[in-house]
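# Structural overview
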Amino acid sequence: MIEAIGLTSIPRKEQSPAVDNVSFEAHTGRVTTLLGAPGAGKTTALRLMLELQRGRGITYFRGRPLHRIPHPAHEVGVLLGDVPGHPARSVRGHLRMLCAASGVPARRADEVLEAVGLVSLRDERLGTLSRGMDRRLGLACALLPDPHTLVLDDPARGLAVGERRWLYDMLREHAAQGGTVLCSTADPKEAARFADHVVTLDGGRVVADQRAADFARTRLRPRVVVRSPHAARLSVLLAQRARSTQRSVEVVREGGNRLCVYGTTCAEVGETAFRNGIVVHQLADEVGDMGPGAGAGAETSTAQEPQPSSAAIDAQTGPDPEPEAAAALDSGLEPEFAPLAPGSGPESEFAPLAPGAGPEPEPPTLTPGSGPEPEPPTLAPGSGPEPAAAAPALDCGPEPEPSAPAAAPAPAPAPEAVPAASTTLVPPQEAPADDTPQAAPSQQPTTPRPTTVALPPPVLVRPAPTPLRPVRYEIRRAAGVATGYIVGACVLAVSALTAVLLARIGHTPQPRLLAAWPVELPLPPAALGAGLLGALAFGDEFRHPALAVDRGTVPRRLGLLTAKLFVASLTALALAVLTVGCTAEVLYLVYGSELVALPADWPALTAGWLALVTGCAWAGVLAAGVFRSTTAGLAAVVAVPLLVVPAVHKMTEGLSARGPVPFAGRLKGGLPPRWPFGGEQHLEVLLRLLAQPVGGAMALSVLALLCAYAFTGLRSRVR
């Protein structure tokens, strides 16, 4: 069950809020629809319920707000718009990736594919799906964790008739199995066909909350549509025929030559036109929409069949003056007035009625605290020996009770007797000049009145939760598209070609030859490729937010960051090893074995090479996560040798110039001389790497980006 209480959006400058104090309920086992025209506030209300937009109010999903649910995807399935997956990812791969994020087995993807009818399209790319297939995939994503509640924003928009029927059958089946379904739509006929309960929004407020049967009876009315070049004359004839037969008929002219006739049939309208020689171009039955205000108060006043109160031509009530005047208020259309008989009534009877109201009742005489029968008043001292003495002075006819309180009010009126909205209507002849009610206004300021109104709690936008299996999610995300494989193939091809050219030119050290790293380039191709793959790890998340379909952002969680760094490290190490192996094999095939001999200090060179490629991958991941862009991540990787290395080189030169011992030697001398298991050798290699300009610059860059990522994550949480 869903309980939405006091949903109110934050208004923009000098504008009313899109949603203002919206409260409703969606019960279990039913399909509830939010109905409203575009701009009525349906999407804003759903986003406030799902805590995707700031505002006020609270929504309970089976008694708990969304931020109190440990795993929201297992409780609420959401479909807001299209599926924002990578266009090159397959349907099955996308669902298997979301299975890892939701913590469900991978076989669940095949189950929902069969449920939504996408088994034959399991290998299709997301970018090639039609609108109907995309909606099926979105519903499959919402059903993947088997949630109890489904929240969908206009799911049938742009679908064909067959696709709509299938979608609504799926929603009704989910509700029949004990689930709760809440969706929005702008079509009242569609809401009446498939929903069990309809909540109508207009201008950001709830104007009707009723069952589907009551909604169809009050909002939708059968009518006859007529098109004729003599629409005005036909309207007058239909009105005259209604008076002669004493039937209630409503004629509304919708502009031009189109008439809408309520309370009659096509046969009667056609016979009237035929007998009077009127040409008819169209004559058809249809269901008319009476507007959002037609369903207001349906829970209390729609037990009987609604009568055409706004523009009815009812001959039984006597000569009725121009009944079509109020129909224009209900439908927003120009009514066609029928001629009146002479002396049919004054013009004051043309007062517009409220939408859906019946004949206007006589204005009652209101009393303070109107509602229940007032108690006999207590007379003040000196006003008379008996209460009956004041009755003759205030007798206004057969009903003296409403006038009695005005003659002798209580000396201390109760708080409920003077509400802010109560009004006392007393005829002038009923209030004598020397009576005591003259002192009543002086006691109103002393009445206690509530001055504070409890506001609903604020709605805070929280980041999406981290995947339940982040490493598995990241592996499937990276392996689900061909981008990583293409980048790796390009890196290997460019590295092999560069190594062959460097060997032909000569004067290149063997370590740089195996790494395909010319002196003129800031970084080798393998390091650039690793940085690009690392930048894509977060760049694709922001571009195609599969983790936060409805939030448009990526959760800045430690688990997700650790998984991305781990997978990026594995990818970088594999790329570094494959690059050296590929270039060595190509050099052996072209120039022989003299160029591929192992150097004497190969352990230190191998450690430096792997650290460089891994550091570039980490820098790409962190920079893309901070700046939310793949381009920014790659730019940060390139900026390390171009901008950071010169600064670090100058700093290390300054430190080395202060003493005869190099900076790396001083670092080593400040540590314990003996380490267990020969750790001093590894430490020496590490210090040698950090003492180099590229190694120190890369370490400083990664540390700075890590601090920036942590700062942005903490700032978002504080907000």
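All chains use their own residue numbering, which begins from 1 and follows the written sequence. Only residues with pLDDT of 70 or above have their local features reported here, since the model is predicted, and side-chain atom pairs are shown and tallied only from 80 upward, although totals for entire chains, interfaces and linings are computed over all residues. Just so you know, side-chain values use all the structure's heavy atoms and leave hydrogens and water out.

### Let's talk about the sheet that holds strand β7 (residues 180–185)
Spatially, the 6 strands line up as an open sheet ordered β5-β6-β7-β3-β8-β9, and their pairing is mixed. The open sheet has two edge strands, β5 (76–80) and β9 (205–211), and neither has a second partner. For this sheet, the mean inter-axis angle between neighbouring strands, taken without regard to orientation, is 15°. Where strand β3 (residues 31–35) meets strand β8 (residues 197–202), 4 bridges bridge the pair, whose relative direction is parallel. Looking at the pairing, Leu 35 lines up with Thr 200 of β8. In what follows, residue pairs with any heavy atoms lying within 4.5 Å of each other are defined as contacts. Throughout, an axis means a line fitted to C-alpha atoms (over the contacting stretch in the case of helices), and angles, computed between N-to-C directions, take values from 0 to 180 degrees. Only DSSP runs of H or I reaching four residues or more are called helices, and only runs of E reaching two or more are called strands; each is numbered from the N terminus. Along the sheet, helix α1 (residues 42–49) contacts β3, β6 (149–153), β7 and β8; its crossing angle with β7, the most-contacted strand, is approximately 145°. Helix-sheet contacts for helix α7 (residues 212–219) involve β3, β8 and β9, and the interaxial angle to β9 is about 115°. Two strands pair if DSSP finds at least two bridges between them.

### Quick notes on the pattern of salt bridges
The salt bridge criterion pairs a side-chain nitrogen of Lys or Arg with a carboxyl oxygen of Asp or Glu, the two atoms within 4 Å. Following the criterion strictly, the structure yields 23 salt bridges and no others. Glu 268 is the partner of Arg 247 in a salt bridge, and the nearest nitrogen-oxygen pair spans 2.6 Å. In this pair, Arg 247 sits in the loop between α8 (231–245) and β11 (249–253) while Glu 268 sits in helix α9 (residues 266–275), placing the two residues 21 residues apart along the sequence. In this scheme, a residue with accessible area under 20% of its type's maximum is buried, one over 50% is exposed, and one in between is partly exposed, where area comes from a 1.4 Å probe on protein chains only. For Arg 247, a relative accessible area of 32% gives the class partly exposed. Each of Glu 474, Arg 477, Asp 540, Glu 541 and Lys 564 takes part in a single network of salt bridges with overlapping partners.

### Concerning the sheet that holds strand β4 (residues 55–61)
For sheets, the rule is that strands pair by backbone hydrogen bonds, running either parallel or antiparallel. One open sheet accounts for 4 strands, arranged β2-β1-β4-β15; its pairing is antiparallel. A single partner strand is all that each edge strand has here, and the edge strands are β2 (22–26) and β15 (458–459). Sheet strands in contact with α1 are β1 (2–9), β2, β4 and β15, and its direction is about 115° off that of β1.

### Remarks on the confidence of the model for the protein
On a range of 0 to 100, pLDDT expresses the predictor's confidence in each residue. For the protein, per-residue confidence averages 77 on the pLDDT scale, and residues scoring 70 or more make up 70% of the total. Confidence drops under pLDDT 50 across residues 297–447; counting only partners more than four residues distant or on other chains, this segment forms 164 contacts.

### Points about the packing of helix α15 (residues 483–505) against helix α18 (residues 558–591)
Between α15 and α18, the least distance of the axes is 9 Å, while the angle of their chain directions is 40°. By the angle between their directions, the pair α15 and α18 is classed as oblique. In this structure, α15 crosses over α18, and the sense of that crossing is right-handed. Mapping the contact onto sequence places Gly 488, Val 491, Leu 492, Ser 495, Ala 496, Ala 499, Val 500, Ala 503 and Arg 504 in α15 and Leu 575, Leu 578, Thr 579, Cys 582, Thr 583, Val 586, Leu 587 and Tyr 591 in α18. By residue class, the composition of the contact of α15 with α18 is 12 nonpolar, 4 polar and 1 charged. Just so you know how the angles are binned, under 35 degrees is roughly parallel, over 145 roughly antiparallel, 65 to 115 roughly perpendicular, and the rest oblique. What makes a crossing left-handed is the near helix being turned counterclockwise from the far one by less than a right angle; a clockwise turn instead makes it right-handed. Gly is placed with the polar residues, together with every amino acid not listed as nonpolar (Ala, Val, Leu, Ile, Met, Phe, Trp, Tyr, Cys and Pro) or charged (Asp, Glu, Lys and Arg).

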